[in-house]
Protein chains: 2
Amino acid sequence: MTRIKDVAALAGVSTATVSRVLNDKTVSPDLAAAVRRAVTELGYTPNRTARSLRRQHSELIALVLPDIENPFFTSLARGVEDVARTAGLSVVLCNTDEDVETQEHYLRIADDENMAGVIVAPAGPSGFLARLTERHRAVVVVDRAVADDVDQVLFDNEDLGRRATQALLDRGHRRIACVTGPRETPTAEARADGWRAALTAAGLPAPDDLLVHANYRVDGGEAAMTRLLAAAEPPDAVLATNNLVGVGALRMLSAERGPRAQLGIIGDLPFATSHIDDTFLLRLHPREMGLTAARLLVSRIRGEAGPAQRVVQPSRPVLLGASPS
Amino acid sequence: MTRIKDVAALAGVSTATVSRVLNDKTVSPDLAAAVRRAVTELGYTPNRTARSLRRQHSELIALVLPDIENPFFTSLARGVEDVARTAGLSVVLCNTDEDVETQEHYLRIADDENMAGVIVAPAGPSGFLARLTERHRAVVVVDRAVADDVDQVLFDNEDLGRRATQALLDRGHRRIACVTGPRETPTAEARADGWRAALTAAGLPAPDDLLVHANYRVDGGEAAMTRLLAAAEPPDAVLATNNLVGVGALRMLSAERGPRAQLGIIGDLPFATSHIDDTFLLRLHPREMGLTAARLLVSRIRGEAGPAQRVVQPSRPVLLGASPS
DNA sequence: TTGTAGGCGTTATCAT
DNA sequence: ATGATAACGCCTACAA
């Protein structure tokens with residue numbers, strides 16, 4: 001295992017000089033050259049543990065996500081990675097499984113490992129970030145709003161719900177159901193609010209039996225769709241407010257015979273196994289949300305950022321059908 | 001920021017004693033109690049950077065994957081996580097995007113961060129593990145065989161290809177095509193070999209025009225299926241040798257009118273948007289592969305493991321249709 | 001510009 | 001069983 005002192009010995013300089021070369025401080029060209037030669041010859045790379053102990057922060061950032069199996073979040077992760085790598089940071093992905101304790105666990109590790117910063121899509125209620133912000137750690141929240149005074153990158157969820165519903169109205173549908181997430185989930189509620197607002201604005205009722213609170217996963221979408229299709233007065237269109245319930249809804253619908261309900265989905269379906277030309281998609285581009293969040297975090301780590309800000313991640317026009325991926 | 005010396009001061013002992021309590025060494029009960037009280041009162045958690053500098057290894061393990069957006073690998077990651085957490089280790093997920101250089105980058109970081117071990121599904125040719133094994137780091141390879149003398153958890157890929165093909169033969173199909181990955185990809189080749197072996201064993205030809213080397217992603221499956229369906233003599237059954245090309249194949253097939261080819265897929269389709277009762281699935285259970293790999297890694301980290309071994313991850317009987325997820 | 005030396009927070013060795 | 005202390009590898013005053 002080669003250390004900085006080995007490099008120093010080989011180059012005939014002090015460890016301080018080696019360190020300076022490695023960190024682009026002022027060193028005379030000839031010595032710098034000698035050091036670099038020694039570095040390549042030995043294949044030396046600095047011990048990051050020692051470096052981060054000394055500097056009081058590492059070159060790692062934590063990306064804390066509630067569900068790593070959801071393509072929305074993996075795509076977001078790709079965006080974060082792209083920015084981080086060009087900034088010389090490495091991304092550490094942590095999966096909380098929507099569990100507040102696991103989330104605490106990972107946030108604590110990020111802290112104890114002196115990580116440079118954290119990007120988190122929070123599970124559960126807010127307030128958990130106090131310890132991190134108190135320690136002046138760089139923190140960016142994505143996808144789900146919190147009350148804390150930190151940078152946040154969010155969708156305008158009510159607007160998403162409204163626009164997706166409007167697209168269904170524009171197609172002439174009048175009895176439009178909404179499948180959303182659990183009552184305690186703010187994004188799910190906001191998107192459902194948008195659905196309600198759009199219907200109301202169009203002078204239509206938004207009866208309770210057309211709003212289904214599912215579990216926001218594939219099986220939730222299946223169950224909700226089954227229930228809606230079996231109703232006395234089935235809807236002629238359905239809005240699924242996230243990608244997973246959209247998958248479930250589509251799956252049930254594909255088995256249906258006779259007149260099919262029109263489906264609208266807020267989200268993307270990269271692994272659709274059927275052509276979905278007849279489905280409205282309001283694509284969210286989570287990758288760009290990741291890019292935005294990472295850029296924000298990097299500037300905060302570098303101390304270039306001002307007061308905490310909330311960025312509303314723009315989304316695109318509603319599309320009919322999905323281009324693959 | 002509270003340090004071990006703060007705890008020591010509050011408990012009226014030396015830092016050495018605090019450290020001993022934290023690491024379950026022998027300490028008199030009363031002093032231990034005092035220390036624990038001080039720890040909770042201050043909310044102290046050890047600085048992991050300092051700890052790992054001293055101990056020469058951290059409590060992190062790296063999971064280096066070629067494509068974090070592929071559900072196969074996210075599911076594998078979940079398995080690794082489950083074992084790691086109960087062993088007191090935290091998982092760091094790294095995405096190489098099938099790029100050898102990026103892989104090198106992350107493996108180097110794992111080394112420089114003194115991580116306790118690495119689980120890697122290798123991108124590109126073998127030999128890249130030399131540095132890690134030389135340094136006696138704990139390493140487990142998953143999914144893709146390498147020549148290095150390290151623990152490996154693999155499928156018997158040729159057997160997978162054979163069994164999946166046999167299932168199609170059992171259904172009476174005779175003209176069976178195979179859509180697999182690029183020529184340089186060993187797992188893709190091995191599964192195709194299995195396809196060929198099954199056909200040969202059944203006394204059937206395995207002509208070149210029935211074997212398509214696709215790019216092993218969704219669009220590859222689409223392109224391959226398009227080509228096969230447009231052929232002068234289209235197959236009456238198609239084997240897709242991984243989940244992503246399976247998705248693409250299914251997508252094209254779902255648009256097809258008239259007599260549909262029977263599809264067999266090696267892999268799972270957690271996000272299928274259609275009912276796929278008429279598709280053969282040979283499910284791989286990547287989560288269990290992750291469990292196996294992580295158990296192996298943990299025992300190696302603890303020094304309990306013997307010589308490097310290759311574990312063949314069992315798979316299940318071919319299923320007709322998929323139960324969701 | 002370069003070198004010397006102290007310290008980041010923890011654990012392990014060596015006395016007691 | 002407990003405490004003082006050195007060491008892990010690096011960076012950065014400070015001195016020269």
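Residues numbered from 1 in each chain as written. Chains lettered and ligands numbered in written order. Predicted model: local features only at pLDDT ≥ 70, side-chain atom pairs only at ≥ 80, totals over all residues. Heavy atoms only, no water.

Novice: Break down the protein's contact with DNA strand D for me, citing the residues and quoting the values.
Specialist: Around DNA strand D lies a shell of 26 residues, among which Y44 and R54 of chain A together with T17, R20 and S28 of chain B are the nearest. Protein-proximal atoms of DNA strand D, defined as those within 4 Å of the protein, fall in sugar or phosphate at a share of 69%. Contacts to DNA strand D include R3 of chain A, whose side-chain N or O atom sits 3.3 Å from a phosphate oxygen. Per-element accounting of the surface near DNA strand D gives the leading share, four residues, to helix α4 (residues 48-55) of chain A. Residues that form the surface near DNA strand D fall into these classes: ten nonpolar, eight polar and eight charged. (Near = heavy atom within 4 Å. Polar contact = N/O pair within 3.5 Å; in protein donor to acceptor, adjacent residues only side chain to side chain. Helix = DSSP H or I, 4+ residues; strand = E, 2+ residues; numbered from the N terminus. Nonpolar A, V, L, I, M, F, W, Y, C, P; charged D, E, K, R; others polar.)

Novice: Let's hear about the protein's contact with DNA strand C: which residues, and what values?
Specialist: Taken together, 24 residues sit near DNA strand C, with T17, R20 and S28 of chain A together with Y44 and R54 of chain B positioned nearest. When the atoms of DNA strand C within 4 Å of the protein are sorted by group, sugar and phosphate make up 67%. Between DNA strand C and S14 of chain A there is a distance of 3.0 Å, counted from a phosphate oxygen to a side-chain nitrogen or oxygen. Contacts to DNA strand C include N47 of chain B, whose backbone N or O atom sits 3.0 Å from a phosphate oxygen. Elements with a contribution of two residues or more to the surface near DNA strand C: α2 (15-22) and α4 of chain A together with α2 (15-22) and α4 (48-55) of chain B. In terms of residue class, the surface near DNA strand C is made up of ten nonpolar, seven polar and seven charged.

Novice: A description of the packing of aromatic side chains should follow, citing residues and the corresponding values.
Specialist: Scanning the model with the defined rule gives five aromatic pairs over all chains in all. Clustering of aromatic rings is evident, with ring pairs tying together F72, F73 and F155 of chain A. (Phe/Tyr/Trp six-rings, centres within 6.5 Å; stacked < 30°, edge-to-face > 60°.)

Novice: Provide a residue-level description of the pattern of salt bridges, including the pertinent values.
Specialist: Evaluated as defined, the whole model comprises 41 salt bridges over all chains. With its nearest N and O atoms 2.4 Å apart, the salt bridge here joins D151 of chain A to R300 of chain A. Residue D151 of chain A is located in strand β5 (residues 151-154), and its partner R300 of chain A is located in helix α12 (residues 286-301); the two are separated by 149 residues in the primary sequence. Note that R175 of chain B is salt-bridged to D209 of chain B, the shortest N-O span being 3.4 Å. In this pair, R175 of chain B sits in the loop between α8 (157-170) and β6 (176-180) while D209 of chain B sits in the loop between α9 (186-201) and β7 (211-213), placing the two residues 34 residues apart along the sequence. Among the ionic contacts, a cluster of salt bridges with common partners joins R48, R51, R55 and E59 of chain A together with E113 of chain B. (Salt bridge = Lys/Arg side-chain N within 4 Å of Asp/Glu carboxyl O.)

Novice: Would you mind going over the nonpolar core in detail, with residue names and values included?
Specialist: In terms of nonpolar packing, the biggest core is built from 149 residues, with L63 and I119 of chain A together with L63 and I119 of chain B touching the most fellow members. If sequence neighbours within four positions are ignored, L63 of chain A has contacts with L76, A77, V80, V91, V92, L93, C94 and I119 of chain A. V118 and V120 of chain A together with V64 and L132 of chain B belong to the second largest nonpolar core, which has 36 residues in total. (Core = buried A, V, L, I, M, F, W, Y, C linked by side-chain atoms within 4.5 Å. Buried < 20%, exposed > 50% of the residue type's maximum accessible area, 1.4 Å probe, protein only. Contact = heavy atoms within 4.5 Å.)

Novice: Pulling in residues and values, what's your account of the environment of A223 of chain A?
Specialist: Along the chain, A223 of chain A falls in helix α10 (residues 218-229). Note: C-alpha distance between A223 of chain A and A121 of chain A (102 residues apart in sequence) is 26 Å.

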